Amino acid sequence: MCSWSLALGNMSTEVIKPCLSETQASELVGRVFGLHVDRIHPLPSYDDQNFHVVVSGGGEYVLKIMNSMDSRDPEMLDVQTHAMMFLREKGLPTPTVLPTLQGETMSLQAIDCGSDCKQYIVRLLTYIPGTPLAKIPTSSQSLFEVGRMAATIDKVLQEMEHHHLQRLNRENFIWSLSNVHLLERYLTAMDGDPSQQVVRNIIELYKSQVQPRLGYFRKCINHGDFNDHNILIEPEKPAEGINSNGFGEWQQQEQQQKRYRICGVLDFGDMYYGYYVFEVATTLMYMMIESKQPLEVGGPVLAGYESVIPLTAEERDVLYLLVLCRFCQSLVMARHTVLLHPENEEYLMITARTGKGHLLRLWKMGKEAVEQLWFTSASSYHKATDRQ
């Protein structure tokens, strides 16, 4: 599927995703990075184009050709690249960057993709082997690790310095949970959908209950896209002596299941200055999407995050609403994109349809019931792990 410009207030249908052939990509690796390609094949991507590259001598890399829109903002890409490398230096499993022949972390290249010639920024990242979290059954153990990793990244990024760090103040970034009110511009895309009024109600609650309280929340740099396709895992040896007292049936069943560790964190393209509680809400929403028991997700994700950064009472009080808001962002923007490109509706709505069901269920249950489930489960998880 092609990607398109979706800037706020802009109904442009500019094709922004590059479409290089494998031959073009191989030539690029040789000319820009000085490496000889033995094998190359495309990797899944949305806005950008990615290739898995094996070079002479056995080194493995990911060639990333940025979309034409993001390629116009090299300062932002420089911050994102620096963040990956900074986290790697601190011992976290992120890719690092191979410099160009000129010693740069990225290079702007004019590339002919068939219809016209555009400029794209290219980078060569180290390849991290592993299995995307999306390809294994969800467990509370893996969800706890996801929450803990999200918090660890937030904590470490607080130490990062960069001369373009202010570029992460993305005022009109539609995926920032500081900008939920901007969804109102796109609500007509949901005309005729009975859930439209629920979305309107949630946006109004956000404006009255979250926006006025942002000053009470602790700021941080958010990864912003901590989903199960951006997290790589690998099996680890089962831990001994796990006590399941206080766990629900779902958690108890996991003692016979394989345990995993996170071995890779990918895609820093949605980074922005936000708040710790935003990261928890976004991560929780994404983990719910693919889970067969989505309501059970909140406890272990929250427990994992709070094992590194405990949330304040103010932050916990808005978590339920922020999760609803993140579901609304996904649903509304998917509907908006379908209006532009109805031929891609089936693909565009895959995640949104699942998310819509979760959104309506959470809304129907209400804040008190959902918080009781999430917070009690998180507390039980903490107690159980403390007894190990």
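The numbering scheme is per chain: residues are counted from 1 as the chain's sequence reads. For a predicted model such as this one, the threshold for reporting local features is a pLDDT of at least 70, and the threshold for listing and counting side-chain atom pairs is 80 or more; totals across whole chains, interfaces and linings nevertheless cover every residue. With hydrogens and water stripped out, all remaining heavy atoms of the structure feed into the side-chain values.

Draft legend 1. Quick peek at unusual backbone geometry. In this structure, Asp-267 takes a positive phi of about 60° despite not being glycine. Strands here are runs of E lasting at least two residues and helices are runs of H or I lasting at least four, both read from the DSSP assignment and numbered beginning at the N terminus. Tracing the chain through its elements places Asp-267 in the loop between β10 (259-265) and β11 (272-275). We call a residue buried when its accessible area falls under 20% of the maximum for its residue type, exposed when it is over 50%, and partly exposed in between, using a 1.4 Å probe and counting protein chains only. By relative accessible area, Asp-267 is classed as partly exposed at 33%.

Draft legend 2. Region of interest: the pattern of salt bridges. A carboxyl oxygen of Asp or Glu within 4 Å of a side-chain nitrogen of Lys or Arg is what we treat as a salt bridge. Using the criterion set out here, one finds 18 salt bridges in the structure. Among the salt bridges present, the one from Glu-145 reaches Arg-148, with a minimum N-O distance of 2.6 Å. On the criterion of helical spacing, the pair formed by Glu-145 and Arg-148 is a turn pair, its members being 3 residues apart in helix α3 (residues 140-157). For Glu-145, a relative accessible area of 17% translates into the label buried. According to the relative accessible area criterion, Arg-148 is partly exposed, its value standing at 32%. Glu-204 is the salt-bridge partner of Lys-207, the closest N and O atoms lying 3.1 Å from each other. One end of the pair is Lys-207 and the other is Glu-204, both in helix α4 (residues 196-209) and 3 residues apart, which spans about a single turn.

Draft legend 3. Structural detail: the state of the cysteines. By convention in this document, the label disulfide applies to cysteine sulfur atom pairs within 2.5 Å. For the structure shown, the criterion picks out 0 disulfides. For Cys-328, which is in no disulfide, the shortest distance to another cysteine sulfur is to Cys-325 and amounts to 6.1 Å. Classification of Cys-328 as buried rests on a relative accessible area of 1%.

Draft legend 4. Broad picture of the confidence of the model for the protein chain. Per-residue confidence for the protein chain gives a mean pLDDT of 89, with 88% of residues at or over 70. What pLDDT expresses is the predictor's confidence in each residue, scored from 0 to 100. Contacts are residue-level and defined by heavy atoms, with any inter-residue pair within 4.5 Å sufficient. This stretch, residues 1-13, has a pLDDT under 50; its non-local contacts, to residues over four places away or in other chains, come to 36 contacts. In the model, residues 240-247 has pLDDT below 50 throughout and makes 17 contacts with residues more than four positions away in sequence or in other chains.

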